[in-house]
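Overview (structure and organization)
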Amino acid sequence: MKPSCRGRLVRVAILSAGLLWSGAGPTAADAYLLYLKGTEGKAAPFRVLWDEVDNANARITVDLGTAYEAWLKKIGLARVSTYDAKLQGRDFVVRDPQFTRYVNVICDDLVRGPQQADLAPGVTPVPAGAKVAGALLLITPAPDKAQLEVIARLHVSYMAPQKSGAPVEKELVNNDFVFIGQREPKAPNRKSR
């Protein structure tokens, strides 16, 4: 895999956990700091608010932080996003058209370079953008709520130009990205003098 593709996949993985769409979450939510599994301590975490509304419904809010804010703004996406999740088995699941749209906008931007690179004169142009075949979040809180696991399950492909012949469909990602994290430490109370 080319280094530039690897970097794009890391970007997709980091952003995929934050593929959540609207503003601030409820005040009763538990706050967690999540990392892509295996990157703990190597990358800045992102903040997740998790609120189990009742036994079958929950809400997740993700703040990706300032590191991706400029890029997200450039492609028209919010830094902080929220989704409702439904309990299925032991996991809460987010299946939402806005989540799919978020994935699609990010992946469209990521495949734009490979689709336009090395496009020689006379080569069949490719349809621009990515195709999201599947996008969902699986959220598993620990029973004691000390840890949260979020899996972004993504299947995204795009049409790649060929030097000769018709464009070929290639997978950008068909994988689970696992994010884990501990409850965010509470800030100490400052006493006024």
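Residues numbered from 1 in each chain as written. Predicted model: local features only at pLDDT ≥ 70, side-chain atom pairs only at ≥ 80, totals over all residues. Heavy atoms only, no water.

1. Comments concerning the side chain of Thr 140
As for its placement among the helices and strands, Thr 140 is situated in strand E6 (residues 130–141). At 2.4 Å, the side chain of Thr 140 forms a polar contact with the side chain of Asp 91. Here Thr 140 is in contact with Arg 90, Asp 91, Gln 147, Leu 148 and Glu 149, once residues within four sequence places are set aside. (Helix = DSSP H or I, 4+ residues; strand = E, 2+ residues; numbered from the N terminus. Polar contact = N/O pair within 3.5 Å; in protein donor to acceptor, adjacent residues only side chain to side chain. Contact = heavy atoms within 4.5 Å.)

2. Concerning the nonpolar core
Inside soluble globular proteins, nonpolar side chains tend to come together where they are buried. Trp 50, Ile 60 and Ile 139 are the most contacted members of the largest nonpolar core, which has 42 residues in total. Broken down by element, the residue count for this core peaks at eight residues, all from helix H3 (residues 97–116). (Core = buried A, V, L, I, M, F, W, Y, C linked by side-chain atoms within 4.5 Å. Buried < 20%, exposed > 50% of the residue type's maximum accessible area, 1.4 Å probe, protein only.)

3. Thoughts on unusual backbone geometry
With a phi close to 60 degrees, Lys 145 is a non-glycine residue in the positive phi region. With respect to the secondary-structure elements, Lys 145 resides in the loop between E6 and strand E7 (147–160).

4. Observations concerning the pattern of salt bridges
Under the defined criterion, the tally for this structure stands at eight salt bridges. Asp 84 is the salt-bridge partner of Arg 59, the closest N and O atoms lying 2.9 Å from each other. Separated by 25 residues along the polypeptide, Arg 59 in strand E3 (residues 57–63) and Asp 84 in strand E4 (residues 80–88) bring together distant segments of the chain. Overall, Arg 59 belongs to the partly exposed group, its relative accessible area being 30%. Classification of Asp 84 by relative accessible area gives partly exposed; the value is 46%. The structure contains a network of salt bridges with shared partners spanning Asp 30, Lys 145 and Arg 183. (Salt bridge = Lys/Arg side-chain N within 4 Å of Asp/Glu carboxyl O.)

5. So, the environment of Pro 141
Turning to its location among the elements, Pro 141 is positioned in strand E6. A C-alpha to C-alpha distance of 9.2 Å links Pro 141 and Arg 90, two positions 51 residues apart in sequence. The residues contacting Pro 141, other than those within four sequence positions of it, are Trp 50, Glu 52, Phe 92, Gln 147 and Leu 148.

6. Notes on the confidence of the model for the protein
Model confidence for the protein is summarised by a mean pLDDT of 82, while 78% of its residues fall at 70 or above. Averaged pLDDT values for the elements of the protein fall to 48 in helix H1 (residues 3–16) and rise to 96 in strand E5 (residues 91–94). Under a pLDDT of 50 for its full length, residues 1–10 has, in the predicted model, eight contacts with residues more than four places off or in other chains. Low confidence marks residues 16–27, where pLDDT is under 50. Its contacts with residues over four positions away, or in another chain, come to 50 contacts. (pLDDT = per-residue confidence, 0-100.)

7. As for the packing of aromatic side chains
Counted under the stated rule, the structure contains three aromatic pairs. Considering the side-chain rings of Phe 46 and Phe 179, the 5.5 Å spacing of their centres and the 70 degrees angle between planes classify their relative orientation as edge-to-face. Taken as a pair, Phe 46 in strand E2 (residues 46–52) and Phe 179 in strand E8 (residues 168–183) lie far apart in primary sequence, 133 residues in all. The exposure class assigned to Phe 179 is buried, which follows from its relative accessible area of 0%. (Phe/Tyr/Trp six-rings, centres within 6.5 Å; stacked < 30°, edge-to-face > 60°.)

8. Section: the pairing of E6
Counting buried positions over the twelve residues of E6 gives nine, a clear majority of the element. Bridge analysis of E6 against E7 gives eleven bridges, and the strand direction is antiparallel. Directly across from Ala 130, in E7, lies its bridge partner Tyr 158. Here E6 folds back onto E7 in antiparallel fashion, the turn holding five residues, of which Lys 145 has a positive phi close to 60 degrees. (Pairing = 2+ DSSP bridges.)

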